[in-house]
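One-letter residues, chain by chain:
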Amino acid sequence: MSTVNTVVALAYLLAAVAFVVGLHLMNSPATGRNGNRLSSAGMILAVAATLAKVVNDGSITATGWAVLGAGAAIGAAAGLPTARRVRMTAIPQLVSLFNAVGGGAAALIALADFVRLAASAGSTRSTVATALDVIIGAVTFSGSLVAAGKLQGWVSGEPVIFPGARVLTGVLAAVAVGGSAYLLTGADSIAVLSLVVAAALGFGVTMVMPIGGADMPVVISLLNAFTGIAVAMAGFVIDSSALIIAGALVGASGGILTKLMADAMNRSILSIVVGGFGTGDTTLTAGVGSGGDIRRLSAADAAIQLAYANKVIIVPGYGLAAAQAQHEVRQLADLLESRGASVSFAIHPVAGRMPGHMNVLLAEANVPYTSLKEMDEVNPQFPTTDVVLVVGANDVTNPAARRPNTPLSGMPILDVDRARNIIVIKRSMGHGYAGIDNELYTDPKTSMFFADAKQGLSEIVAAVRTLVSG
């Protein structure tokens, strides 16, 4: 082995270590940024090592270098401004687009390799990896684009189901798998490969379209796992250990996260992929739930309860993200803490539109990591809490989850109803993805403040300040 190849192998090893350690650091919000930086540094090192290897081998022509340079320049010119301008509320859409880019790039690598193999006798190992890469990458590409469209509002967040939809999905899957099996027999048919790609792209669309908007956290995690698997397959195709390791880590972590998210919703991954359960985006007119009457309160009433509370827990949900009210909720927390109150944030695993959405959103508003409490940590604290402020959260606070024979039965929830007083800021009495009334809203201890989260929090902050100054 030449000196250059030895250095490249060591660089790949260091990059792999950076990926593993970086992923471990991402387990905690306090170290997550450092984990991201370390993983990025590992990928930069891997790319640099690959370029050094290519230069040493002399395997790329001047035209090839020009294409690489142009691609890098275009990508940087598009990516950097977009990353700086995107709002935290749009991060789920951005992640979905990243999944699409990763899956699409992996599929293109496989397609190029197939064309190369078609001109020579390729190994079975490479052909299997190529087939898997094409299918998984194409499914990830189209499915992620649909998921991003649902989150952005370009595609209906409702489950889109038409007669024969599931049959069509099954047929597309059969065509993709059958076509790949035919290619594995040694047939180098570009026409069959094109059919496999088209079927896989169609399967990605028909798989995600029937899934409701509220299930997007699980879908994003699943597609992220698909991206990792596709990248790992691309690593086998081009014999890149760095891609294999990075893709395997992403695929494994995405798969684990998908399982955790599904468990947090008390649903199987299969039931989510089959789709058609609900959206969580339904907007109804404010009114009385089927379980009893509701109590309304004003911003001034809410301010009185909060201003004189010793312990407050804030429960953020998608309504907070949709209204971009993270800065207002931070202002309220700071104001209450200045009066000596203990304020913390209860984070449910599936709150928001993607895993960690609430954490990222609140981090943008500089809410201290130490104030963010996970469900298992915060649930024992609710009985000793003076006031719980629920902002745009729905099913994750519904006590119906504790009873059998409801759509939420068995789903772990935040025990908000065990607090001494509850204030809910919500635009309406609209249902969550389960499509049932939230029994919390008719609890005698609960008061409803119907308002957009941003406007409602601003009014409460102003009322608390008036109360304090008066």
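The rules we used
- Residues numbered from 1 in each chain as written.
- Predicted model: local features only at pLDDT ≥ 70, side-chain atom pairs only at ≥ 80, totals over all residues.
- Heavy atoms only, no water.
- Salt bridge = Lys/Arg side-chain N within 4 Å of Asp/Glu carboxyl O.
- Helix = DSSP H or I, 4+ residues; strand = E, 2+ residues; numbered from the N terminus.
- Buried < 20%, exposed > 50% of the residue type's maximum accessible area, 1.4 Å probe, protein only.
- Patch = residues over 30% accessible without salt bridge, like charges linked within 9 Å, V, L, I, M, F, W, Y side chains within 5 Å.
- Areas by Shrake-Rupley, 256 points an atom, 1.4 Å probe, with all protein chains shown as cover.
- Core = buried A, V, L, I, M, F, W, Y, C linked by side-chain atoms within 4.5 Å.
- Contact = heavy atoms within 4.5 Å.
- Pairing = 2+ DSSP bridges.
- Axes fitted to C-alpha atoms, helices over the stretch in contact; angles between N-to-C directions.
- Polar contact = N/O pair within 3.5 Å; in protein donor to acceptor, adjacent residues only side chain to side chain.
- pLDDT = per-residue confidence, 0-100.
- Parallel < 35°, antiparallel > 145°, perpendicular 65-115°, else oblique.
- Left-handed = near helix turned anticlockwise from the far one by under 90°.
- Nonpolar A, V, L, I, M, F, W, Y, C, P; charged D, E, K, R; others polar.
- Phe/Tyr/Trp six-rings, centres within 6.5 Å; stacked < 30°, edge-to-face > 60°.
- Lys NZ or Arg CZ within 6 Å of the ring centre and 35° of its normal.

Applying the stated rule across the entire model yields eight salt bridges. Salt-bridge contacts for Arg403 lead to Glu439; the nearest nitrogen and oxygen are separated by 2.1 Å. Here Arg403, found in the loop between β4 (387–391) and β5 (422–426), pairs with Glu439, found in the loop between β5 and β6 (446–450); they are 36 residues apart in sequence, far enough to count as distant. Overall, Arg403 belongs to the partly exposed group, its relative accessible area being 39%. Salt bridges linked by common partners bring Arg402, Asp415, Asp417 and Arg418 together as one network.

Turning to a nonpolar patch on the surface, a few remarks are in order. Taken together, the side chains of Met43, Val47, Leu51, Val55, Trp65 and Leu68 present a nonpolar region at the surface, about 510 Å² in accessible area. Contributions of two or more residues to the nonpolar patch are made by α2 (29–57) and α3 (62–85). Looking at where Val47 falls in the secondary structure, it is placed in helix α2.

The next subject is the nonpolar core. Soluble globular proteins: nonpolar side chains tend toward being buried together. If you look at the biggest cluster of nonpolar residues, it comprises 63 residues, and the most contacted ones within it are Val315, Phe382, Val388, Val390, Leu414 and Val416. Of all the elements, helix α7 (residues 190–208) adds the most residues to this core, at eight residues. With residues near it in sequence (within four places) discarded, Val315 still touches Ala346, Val388, Leu389, Val390, Val391, Ala393, Thr397, Leu414 and Val416. Core analysis: the next-biggest nonpolar cluster, separate from the first, contains 42 residues, Leu297, Ala321, Phe345 and Ile423 among them.

Take the sheet that holds β4 next. With respect to topology, six strands assemble into an open sheet ordered β3-β2-β1-β4-β5-β6, the strand pairing being parallel. The outermost strands of the open sheet, each flanked by one partner alone, are β3 (372–374) and β6. Neighbouring strand axes in the sheet, compared pairwise and without regard to direction, differ in orientation by 25° on average. Inspection of the sheet shows β4 paired to β5 by four bridges, in the parallel sense. Paired with Leu389 across the two strands is Ile423, which belongs to β5. Strands in contact with helix α13 (residues 326–338) are β1 (311–316), β2 (342–347) and β4; relative to β2, the strand with the most contacts, it is inclined by about 145°.

The topology assignment puts Asn438 in the loop between β5 and β6. At 3.2 Å, the side chain of Asn438 and the side chain of Thr397 are in polar contact. Among the polar contacts listed, one links the side chain of Asn438 to the backbone nitrogen of Leu440, at a separation of 2.9 Å. Residues contacting Asn438, with those up to four places away along its chain left out, are Asn394, Thr397, Asn398 and Pro399.

Quick look at unusual backbone geometry now. Positive phi outside glycine occurs at Gln324, with the angle close to 55°. Inspection of the secondary structure puts Gln324 in the loop between α12 (318–323) and α13. Given the relative accessible area of 26%, Gln324 is considered partly exposed. A positive phi angle, near 60°, is found at Asn366, a position not held by glycine. Here Asn366 lies in the loop between α14 (357–364) and β3.

Here the focus is the confidence of the model for the chain. With 91% of its residues at a pLDDT of 70 or more, the chain has an overall mean of 86. Considering only residues more than four positions removed or in separate chains, one finds that residues 276–290, a stretch of pLDDT under 50, has 51 contacts.

Time to look at the packing of helix α6 (residues 165–184) against α7. Relative orientation of the contacting elements α6 and α7 amounts to 150°, with a least axis distance of 8 Å. Here α7 runs roughly antiparallel to α6, going by the angle between their axes. You can see that α6 and α7 cross each other, and the crossing is left-handed. Along its contact with α6, which presents Leu168, Thr169, Leu172, Ala173, Val175, Ala176, Gly179, Ser180, Tyr182 and Leu183, the element α7 presents Val192, Leu193, Leu195, Val196, Ala199, Ala200, Gly202, Phe203 and Thr206. Here the contact of α6 with α7 is built from residues that sort into 14 nonpolar, five polar and no charged.

This paragraph deals with the packing of helix α11 (residues 299–307) against helix α16 (residues 453–469). A pair of packed helices is characterised by two quantities: the angle between their axes and the separation of those axes. For the pair α11 and α16, interaxial distance at closest approach is 8 Å and the crossing angle is 60°. Once α11 is placed against α16, the crossing between them reads as right-handed. Where α11 abuts α16, its residues Ala299, Ala300, Ala302, Ala303, Ile304, Leu306 and Ala307 lie against Glu459, Ile460, Ala463, Val464 and Leu467. The class makeup of the residues in the contact of α11 with α16 is 11 nonpolar, no polar and one charged.

Okay, the packing of aromatic side chains next. This structure, assessed with the given rule, holds zero aromatic pairs. One cation-aromatic arrangement involves Arg339 over Tyr308; the distance from NZ or CZ to the ring centre is 5.5 Å.

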